[in-house]
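Here's the letter readout for the chains.
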Amino acid sequence: MRIDIITLFPEICRAPLSESIMKRAQENGALELRIHNLRDWTTDKHHVVDDAPFGGGQGMVMKPEPIFAAVESLRRPNSVTILMTPQGKRFDQTLANEMSKQQHLVVLCGHYEGIDHRVVEHLANAEISIGDYVLTNGAIAAVVFVDAVVRLIPGVLGDDQSAIDDSFRGGLLEAPQYTRPAEFRGWTVPKVLLSGNHAQIAAWRKEKAVRRTRENRPDLLK
Ligand code: ADE
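The sections below set out a description of the structure shown in this document. Please read all numbers here as calculations on a predicted model, not as lab measurements.

## Concerning the sheet that holds strand β5 (residues 79-90)
Spatially, five strands are ordered β2-β1-β6-β5-β8 in an open sheet, and the strand pairing comes out parallel. This sheet does not close on itself; its edge strands, each paired only once, are β2 (32-37) and β8 (126-129). Within the sheet, the average angular offset between the axes of one strand and its neighbour, ignoring direction, is 30°. Sheet analysis places strand β1 (residues 2-7) next to strand β6 (residues 104-109), joined by five bridges and oriented parallel. What sits directly across from I5, in β6, is V107. Packed on one face of the sheet, helix α3 (residues 64-74) meets β1, β2, β5 and β6 and runs near 165° to β1.

In structure tokens, the structure reads:
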């Protein structure tokens, strides 16, 4: 998959997407990631990317011209252009899975009070929010989005099974996990996990997953 991120703050995206699994995905060719500075598509001397909102109000609005120029120079016929914005559709594992099947994503990061709405109407294919809170910067949201999508590309995770076992896939959160030592500060690991009885372990995990989901995310059980 190819991903192009367009942002005013490339450095915010660079470090988190060049470590660990994201680094390996790029080294082994599963991901071709390009992080661009939107200012590279301005044509004026001062590289202006924002202006005051029509109709008045606080803050600045991102201008359409450099955004259209950037996306139009990067996209291809099979590209999907995503705008990161708190006004978007809420991102979840299902959407991450859909996106992981695309060949090319162009990810636009908002900033300031907002973005000229002609970008939404005539350029972006979807608006995505990573959650019901407002960040200072869409670049942070883009990192979350890209990480969640890329790890689902076949071959990116060492063990393909680990993406299948993820929380949310079965509509339940994951069951608790333990590792050595079997006793730590007097707290022992549940005996069933040491039993070697795979049927009992599976039943225990199912029960714990249901309980954890009921406690932390009752909305998922509805
Ligand atoms: N930009 C600011 N907040 C955001 C959010 N929650 N999701 C996506 N982009 C954002």
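## Some words on the environment of A52
Here A52 shows up in the loop between β3 (50-51) and β4 (61-62). In this structure the C-alpha to C-alpha distance between A52 and V119, which are 67 residues apart in sequence, comes to 16 Å. With residues near it in sequence (within four places) discarded, A52 still touches G59 and M60.

## Focus on the site of the ligand
The environment of the ligand is made up of M84, T85, P86, I128, S129, I130, G131, Y133, V134, L135, G138 and A141. Here a nitrogen atom of the ligand sits 3.0 Å away from a polar atom, N or O, in the main chain of I130. A distance of 2.8 Å is found between a nitrogen atom of the ligand and a backbone nitrogen or oxygen belonging to Y133. Elements that contribute at least two residues to the shell around the ligand include exactly β5, β8 and α6 (138-150). Top contributing element to the shell around the ligand by residue count: β5, with three residues.

## Concerning the pairing of β5
Bridging between β5 and β6 involves six bridges; their strand directions are parallel. Each bridged residue has a counterpart across the sheet, and for V80 the counterpart in β6 is L105. Where the polypeptide runs from β5 across helix α4 (residues 93-99) and back to β6, its parallel neighbour, the crossover connection is right-handed. Of the pairings in the sheet, the one linking β5 to β8 comprises five bridges and is parallel in character. Looking at β8, one finds that I82 is bridged to A126.

Reading the values: the criteria
Residues numbered from 1 in each chain as written. Predicted model: local features only at pLDDT ≥ 70, side-chain atom pairs only at ≥ 80, totals over all residues. Heavy atoms only, no water. Pairing = 2+ DSSP bridges. Helix = DSSP H or I, 4+ residues; strand = E, 2+ residues; numbered from the N terminus. Axes fitted to C-alpha atoms, helices over the stretch in contact; angles between N-to-C directions. Contact = heavy atoms within 4.5 Å. Near = heavy atom within 4 Å. Polar contact = N/O pair within 3.5 Å; in protein donor to acceptor, adjacent residues only side chain to side chain. Right-handed = clockwise from strand over helix to strand, strands pointing away.

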